[in-house]
Amino acid sequence: MTLTPATAERFIRDNTVLLAPPHVPEILLHLADEAHDLWRRTEEELAEIGLPPPFWAFAWAGGQGLARYILDHPQTVRELKVLDFASGSGLVAIAAAKAGAAEVAAADIDPFCETAIRLNADANAVQVHFLGADCIGTDEGWDIVLAGDVFYEKPFADRLIPWFSALKSRGATVLVGDPGRAYLPTSGFERLAVYEVPVTRVLEDAEVKKTKVLRLV
């Protein structure tokens, strides 16, 4: 499959349904359900059709927790310039837009995310700007950076911490949603909230993940 906006939209519509994540029922997303079984497809099969692992098709626990916090505490983002980093489905970006952010950018290096986020933003009647480049190390003057479920690989985590620290040093707020991933730093964060988030067993080997919302200090 040649990736174009049209083919990406067709694939997303064919392989997902419009659902509300269990912990964020105010938001609708195009998500893979058990019937579509998208994640169970082999890596080889996905590669043959030009599709990276479809992280955008699932509402991950870290993102659900962070989105819940934003919706419950809209003053966190209200009238601010927001970056949702590693946005995936756009869940956290959409929550920020619904909570009254002045400007929301959703960043992800997976080109499928551009279409997924557009469709999801449209389903929720909000505006989100997509950033398709690797923005680690960059700074576009965001007031707050939101990152759900990003500490799952050590090399990635090792790149994130210096960048997050630089953003904080110049005055940005950095919030993270994390369900106990292996490479979350053991210090440097203040806990803001803890949620019990329902998740998909095929992805997490659990039905509920304890998810923390943390602020870099």
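Residues numbered from 1 in each chain as written. Predicted model: local features only at pLDDT ≥ 70, side-chain atom pairs only at ≥ 80, totals over all residues. Heavy atoms only, no water.

## Concerning the pairing of strand β6 (residues 144–148)
Next, step 1: Burial analysis of β6 places 5 of its 5 residues in the buried class, which makes it a mostly covered element.
Next, step 2: Where burial is concerned, the two faces of β6 agree: the one with Ile-144, Leu-146 and Gly-148 and the one with Val-145 and Ala-147 are both buried.
Next, step 3: Taken together, the 4 bridges between strand β3 (residues 81–85) and β6 define a ladder with parallel strand orientation. Across the sheet, residue Asp-84 finds its bridge partner in β6, namely Leu-146.
Next, step 4: Relative to strand β7 (residues 173–178), β6 is paired through 5 bridges, and the arrangement is parallel. Paired with Val-145 across the bridge in β7 is Val-174.
Next, step 5: Following the backbone out of β6, through helix α6 (residues 154–169) and into the adjacent parallel β7, one traces a crossover that is right-handed. (Buried < 20%, exposed > 50% of the residue type's maximum accessible area, 1.4 Å probe, protein only. Helix = DSSP H or I, 4+ residues; strand = E, 2+ residues; numbered from the N terminus. Pairing = 2+ DSSP bridges. Right-handed = clockwise from strand over helix to strand, strands pointing away.)

## As for unusual backbone geometry
Of all residues except glycine, most have a negative phi; of all peptide bonds, most are trans.
Next, step 1: Notably, Glu-79 is not glycine yet its phi reads approximately 65°, a positive angle.
Next, step 2: By the element assignment, Glu-79 lies in the loop between α3 (61–72) and β3.
Next, step 3: Classification of Glu-79 by relative accessible area gives exposed; the value is 65%.

## Re the pairing of strand β9 (residues 208–216)
Successive side chains on a regular strand alternate, one facing one side of the sheet and the next facing the other.
Next, step 1: Bridging between β7 and β9 involves 4 bridges; their strand directions are antiparallel. In the sheet register, Asp-178 faces β9, and the bridge partner there is Lys-212.
Next, step 2: The sheet contact formed by strand β8 (residues 189–198) and β9 spans 9 bridges and is antiparallel. Counterpart to Ala-193 in the pairing with β9 is Val-213.

## Section: the sheet that holds strand β4 (residues 103–107)
Next, step 1: Here 7 strands make up an open sheet; going across it, the order is β5-β4-β3-β6-β7-β9-β8 and the pairing mixed. Both outer strands of the open sheet, β5 (129–131) and β8, are each paired with one neighbouring strand and no more. Averaged over all pairs of adjacent strands, the angle between strand axes in this sheet comes to 20°, irrespective of strand direction.
Next, step 2: With 3 bridges connecting them, β4 and β5 associate as parallel partners. Paired with Ala-106 across the strands is Phe-130, a residue of β5.
Next, step 3: Across the sheet, helix α4 (residues 91–98) lies against β3, β4 and β6, angled at about 180° from β4, the strand it touches most.
Next, step 4: Sheet strands touched by α6: β3, β6, β7, β8 and β9. Its angle to β3, the strand with the most contacts, is close to 170°. (Axes fitted to C-alpha atoms, helices over the stretch in contact; angles between N-to-C directions. Contact = heavy atoms within 4.5 Å.)

## A few points about α3
Next, step 1: The end-to-end C-alpha distance of α3, which contains 12 residues, comes to 16 Å, matching closely the 16 Å that a straight helix rising 1.5 Å per residue would cover.
Next, step 2: Taken across its 12 residues, α3 has 11 buried, putting it largely inside the fold.
Next, step 3: Among the residues of α3, Ala-61, Gly-62, Gly-63, Gln-64, Gly-65, Leu-66, Ala-67, Arg-68, Tyr-69, Ile-70 and Leu-71 are the ones counted as buried. (Expected span 1.5 Å × (residues − 1).)

## Quick notes on the packing of aromatic side chains
Next, step 1: Enumeration over the complete set of coordinates arrives at 12 aromatic pairs.
Next, step 2: Taking the centre distance of 5.9 Å and the plane angle of 5° together, the rings of Trp-56 and Phe-112 count as stacked. With Trp-56 in the loop between α2 (43–48) and α3 and Phe-112 in helix α5 (residues 111–123), this residue pair connects regions lying 56 residues apart in the sequence.
Next, step 3: The class for Trp-56 is buried, based on a relative accessible area of 0%.
Next, step 4: Measuring from ring centre to ring centre gives 5.9 Å for Tyr-152 and Phe-156, while their planes differ by 40°; the resulting arrangement is tilted.
Next, step 5: The exposure class of Phe-156 is buried, given its relative accessible area of 17%.
Next, step 6: Following the ring pairs from residue to residue traces out a cluster consisting of Phe-85, Trp-142, Tyr-152, Phe-156, Trp-163 and Phe-164. (Phe/Tyr/Trp six-rings, centres within 6.5 Å; stacked < 30°, edge-to-face > 60°.)

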